[in-house]
Amino acid sequence: MDDRTQNYKTDIQDFINDKKATTRALRKDAVLVNEWIIFSDHDFFKEKKPQEVQEFFETAKDYFAENFGEDNIRYAQIHLDETTPHMHLGIVPFDPEKKLSAKRVFNRRTLLTIQEELPTFFQRKGFDIQRGEKTLERKNFTVHEYKQ
């Protein structure tokens, strides 16, 4: 990650302009980065040593790097100063042809695959992680509702 800057917006725009397949300008409403928040429940982290917490987040980053490209991960920032440790992971949604498309890269099928595969990936790396509930009745929250 040596070509990254401290200004995420500038870094992401420069990265996209350098790597995209076309010379066409980006749409003003284009999704430049998809942010993932990686965490587990408070009890999972309660007895973990700092090195184990670091390994957990590195494992998550490894999963996304393997599936969406190491270069496409533009930031991975761990927050330890809140109730539950978590990581913000920003991925530029390039498809295999280097076309920017969040709709194609992170479509419903891909999201369901991540929900299935990520817990198994953690388990193979020695973490006691279980997949969350599978239910169609589950309510989706807005960001504001979730934070409440």
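Let us look at the structure shown here. (Residues numbered from 1 in each chain as written. Predicted model: local features only at pLDDT ≥ 70, side-chain atom pairs only at ≥ 80, totals over all residues. Heavy atoms only, no water.)

Moving on, we come to helix α5 (residues 108–124). Taking 1.5 Å per residue as the helical rise, α5 with its 17 residues ought to reach 24 Å, and the 25 Å between its terminal C-alpha atoms agrees with that figure. The sharpest bend along α5 measures roughly 25° and falls at E117, with the proline P119 sitting one to four residues further on. Restricting attention to buried positions, one finds in α5 the residues T110, I114, L118, P119, F121 and F122. Among the structural elements, β1 (34–39), α3 (50–68) and α4 (102–105) are those in contact with the buried residues of α5. At the N-terminal boundary of α5, the capping side chain belongs to N107, with an oxygen 3.1 Å from the backbone nitrogen of R109. Of the residues trailing α5, G126 is marked for its positive phi of about 95°. (Helix = DSSP H or I, 4+ residues; strand = E, 2+ residues; numbered from the N terminus. Expected span 1.5 Å × (residues − 1). Bend = angle between axes of the 7 residues up to and from the residue. Buried < 20%, exposed > 50% of the residue type's maximum accessible area, 1.4 Å probe, protein only. Contact = heavy atoms within 4.5 Å. Polar contact = N/O pair within 3.5 Å; in protein donor to acceptor, adjacent residues only side chain to side chain.)

Our next topic: the nonpolar core. Core analysis: the biggest nonpolar cluster contains 24 residues, and W36, I38, F56, F64, I91 and I114 have the highest contact counts within it. At the level of elements, β1, α2 (42–46), α3, β3 (86–91) and α5 are the ones that each hand at least two residues to this core. At eight residues, α3 tops the list of elements feeding residues into this core. Other than its neighbours up to four places away in sequence, F64 contacts W36, I38, G69, I73, L89, I91, I114 and L118. (Core = buried A, V, L, I, M, F, W, Y, C linked by side-chain atoms within 4.5 Å.)

Okay, the packing of α3 against α5 next. Their axes nearest at 11 Å, the elements α3 and α5 cross at an angle of 135°. As summarised for this structure, α3 and α5 are arranged oblique, according to the angle between their axes. As α3 packs across α5, the resulting crossing turns out to be right-handed. Counted together, F56, T59, A60, D62, Y63, F64, E66, N67 and F68 of α3 and T110, T113, I114, E117, L118, F121 and F122 of α5 form the full contact between these two elements. (Axes fitted to C-alpha atoms, helices over the stretch in contact; angles between N-to-C directions. Parallel < 35°, antiparallel > 145°, perpendicular 65-115°, else oblique. Left-handed = near helix turned anticlockwise from the far one by under 90°.)

Time to look at the sheet that holds β3. Spatially, β1-β3-β2 is the arrangement adopted by the three strands of the open sheet, whose pairing is antiparallel. Here the strands that pair on one side only, and so sit at the sheet edges, are β1 and β2 (73–79). Across the sheet, the mean angle from the axis of one strand to that of its neighbour is 15°, orientation sign disregarded. (Pairing = 2+ DSSP bridges.)

Moving on, we come to unusual backbone geometry. In this model, K98 sits at a positive phi of 60°, which is unusual for a non-glycine residue. Within the secondary structure, K98 sits in the loop between β3 and α4.

This paragraph deals with the packing of aromatic side chains. Overall, the coordinates contain 16 aromatic pairs when judged by the stated rule. Between F56 and F57, the ring centres sit 5.0 Å apart and the planes meet at 75°, which makes this aromatic pair edge-to-face. Judged by its relative accessible area of 1%, F57 falls in the buried class. Relative to F106, the ring of F68 has its centre 4.8 Å away and its plane inclined at 45°; by these criteria the two rings are tilted. With F68 in helix α3 and F106 in the loop between α4 and α5, this residue pair connects regions lying 38 residues apart in the sequence. A relative accessible area of 9% places F106 in the buried class. Pairwise contacts between aromatic rings join W36, Y63, F64, F68, F106 and F121 into one cluster. A cation over an aromatic ring shows up here: R74 above the ring of F15, its NZ or CZ 4.0 Å from the ring centre. (Phe/Tyr/Trp six-rings, centres within 6.5 Å; stacked < 30°, edge-to-face > 60°. Lys NZ or Arg CZ within 6 Å of the ring centre and 35° of its normal.)

Bear in mind that shape data such as this cannot, by itself, settle questions of function.
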